[in-house]
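Geometric and topological summary
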Amino acid sequence: MSDYKNLILSREGFVATVALNRPKVLNALNLELMTELVDCLEALDQNAGVRAIVLTGNERAFAAGADIKEMADATAVEMLYRDQFARWDRIRKIKTPIIAAVSGFALGGGCELMMHCDIIIASETARIGQPEILIGVMPGAGGTQRLTRAVGKGLAMEMVLTGRQITGEEAMKAGLVNKVVPVEFYLEEAQRLARTIAEQPPVAVRLAKEAVLKSFDTTIEMGLEYERKNFYLLFASEDMREGMAAFIEKRKPEWKGK
Ligand code: HXC
């Protein structure tokens, strides 16, 4: 697969794993890394051989935030033109399920990137937070919105206004993280879950992911309408015929992704 300067990409069956790779700076998210990441995720999304993506860092850090050194001298107008968070919107549009495998620091932009993923597996060593307030700013890539929706107003306010980091365990109890496992298993566990998703009919997986995400930016009425249309659309897929026939014939279905 293609060479990236700041990412390590690997593939096993239908599952692609993308590891952020700026270990010396705890995977600080500079513009170059984010450009590569968005390009990479979009390329994987277009690849019919990839049915689930695992996004990870390393044991010490998922990502310790946007690259502070890259932002420290920028003016407001430069930031406006740089429009670096526009790239992040493209991650939101990826149709393939993305599972975050998080160990160590997931701070600021790192926490926000984690929250762009669909399911989060954390290690017992995960430290999750929005510490931007401590350096004179605030979250800028969705932290105030996604964290609040995930953990509720009280904890989100506390984290955003004080910069307090929470553990994987606390994040799980608050509904932000799906599962916490010992550090030696977090990547394996995320890949296992990715394989389980990759075994499901791919068209239904994509439409179902889309419908769940829709619930974040629509009324219940519109959301239900959207869900129903996606449900009906699946009756045009070969996999739907196969799935129901296999159930009736008491055999295992064979998905074609069509
Ligand atoms: C640039 C960073 C960095 C960052 C760590 N480093 N975080 N460089 N941007 N966000 C670098 C350090 O400068 C240092 O490099 C090396 O990584 C190791 O970090 P240390 O601080 O020596 O490690 P440690 O003492 O273990 O402390 C770990 C830490 C701390 C608690 C995570 O590094 C930290 O507080 N980092 C900043 C976290 C943060 O504020 N994130 C939010 C950023 S703003 P050198 O060369 O000095 O050895 C943000 C805005 C979001 O994310 C907007 C959307 C993208």
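Basis of the calculations
Residues numbered from 1 in each chain as written. Predicted model: local features only at pLDDT ≥ 70, side-chain atom pairs only at ≥ 80, totals over all residues. Heavy atoms only, no water. Helix = DSSP H or I, 4+ residues; strand = E, 2+ residues; numbered from the N terminus. Rg over C-alpha atoms; globule rule 2.2 N^0.38 Å. Buried < 20%, exposed > 50% of the residue type's maximum accessible area, 1.4 Å probe, protein only. Contact = heavy atoms within 4.5 Å. Areas by Shrake-Rupley, 256 points an atom, 1.4 Å probe, with all protein chains shown as cover. Lys, Arg positive; Asp, Glu negative; His and termini not counted. Charge placed at Lys NZ, Arg CZ, Asp CG, Glu CD. Phe/Tyr/Trp six-rings, centres within 6.5 Å; stacked < 30°, edge-to-face > 60°. Lys NZ or Arg CZ within 6 Å of the ring centre and 35° of its normal. Expected span 1.5 Å × (residues − 1). Pairing = 2+ DSSP bridges. Axes fitted to C-alpha atoms, helices over the stretch in contact; angles between N-to-C directions. pLDDT = per-residue confidence, 0-100. Parallel < 35°, antiparallel > 145°, perpendicular 65-115°, else oblique. Left-handed = near helix turned anticlockwise from the far one by under 90°. Nonpolar A, V, L, I, M, F, W, Y, C, P; charged D, E, K, R; others polar.

Here's the deal with the overall build of the protein
Across its full length, the protein carries twelve helices and ten strands. What you see for the protein is a C-alpha radius of gyration of 19 Å, in line with the 18 Å of a compact globule of 258 residues. If one aligns the C-alpha atoms of the protein with their principal axes, the spans along those axes are about 65 × 40 × 40 Å. Looking at the protein as a whole, 43% of its 258 residues qualify as buried. Pairs at least 24 apart in sequence give 67% of the contacts found in the protein among residues at least 6 apart. Total accessible area on the protein stands at roughly 13900 Å², and carbon and sulfur atoms take up 58% of it. Averaging the positions of the 33 positive and the 35 negative side-chain charges in the protein gives two centres separated by 3 Å.

With respect to the packing of aromatic side chains
Taken as a whole, this structure holds three aromatic pairs when the rule is applied. Aromatic side chains Phe 85 and Trp 88 sit 6.4 Å apart centroid to centroid with 80° between the ring planes, which places their arrangement in the edge-to-face category. Accessibility expressed as a relative area gives 4% for Trp 88, which makes it buried. A cation over a ring is seen here: Arg 51 above Phe 14, with NZ or CZ 3.9 Å from the ring centre. When the ring centre of Tyr 226 is taken as origin, the NZ or CZ atom of Lys 214, which lies over that ring, is 4.8 Å away.

Observations regarding helix H1 (residues 31–45)
An α-helical turn contains 3.6 residues, so a residue and the one three or four places further along point in the same direction. Between its first and last C-alpha, H1 extends 21 Å over 15 residues, near the 21 Å set by a 1.5 Å rise per residue. Within the sequence span of H1, burial applies to Leu 33, Met 34, Glu 36, Leu 37, Val 38, Cys 40, Leu 41, Leu 44 and Asp 45.

Focus on the sheet that holds strand E9 (residues 166–167)
Working definition: the strands of a sheet are paired by backbone hydrogen bonds and lie parallel or antiparallel to each other. On the basis of which strands lie adjacent, the open sheet formed by four strands has the order E4-E6-E8-E9 and mixed pairing. Each edge of the open sheet is held by one strand with a lone partner, namely strand E4 (61–63) and E9. When strand E8 (residues 127–129) meets E9, the two strands line up antiparallel, connected through two bridges. Bridging from a neighbouring strand, Ile 128 pairs with Ile 166 of E9. Along the sheet, helix H5 (residues 109–116) contacts E4, strand E6 (105–107) and E8; its crossing angle with E6, the most-contacted strand, is approximately 90°.

Some points on the confidence of the model for the protein
Taken over all residues, the pLDDT of the protein has a mean of 97, while the share at 70 or more is 99%. Per-residue pLDDT, averaged within each element of the protein, yields its smallest value for helix H3 (residues 76–82) (92) and its largest for strand E3 (residues 52–56) (99).

Here's the deal with the packing of H5 against helix H6 (residues 143–151)
Contact geometry of H5 with H6 gives a least axis separation of 10 Å together with a crossing angle of 60°. With respect to H6, the element H5 is oriented oblique. Seen along the crossing, H5 lies across H6 with a hand that is left-handed. In this structure, H5 contributes Glu 112, Met 115 and His 116 to the contact, and H6 contributes Gly 143, Arg 146 and Leu 147. Considering only residue class, the contact of H5 with H6 consists of two nonpolar, two polar and two charged.

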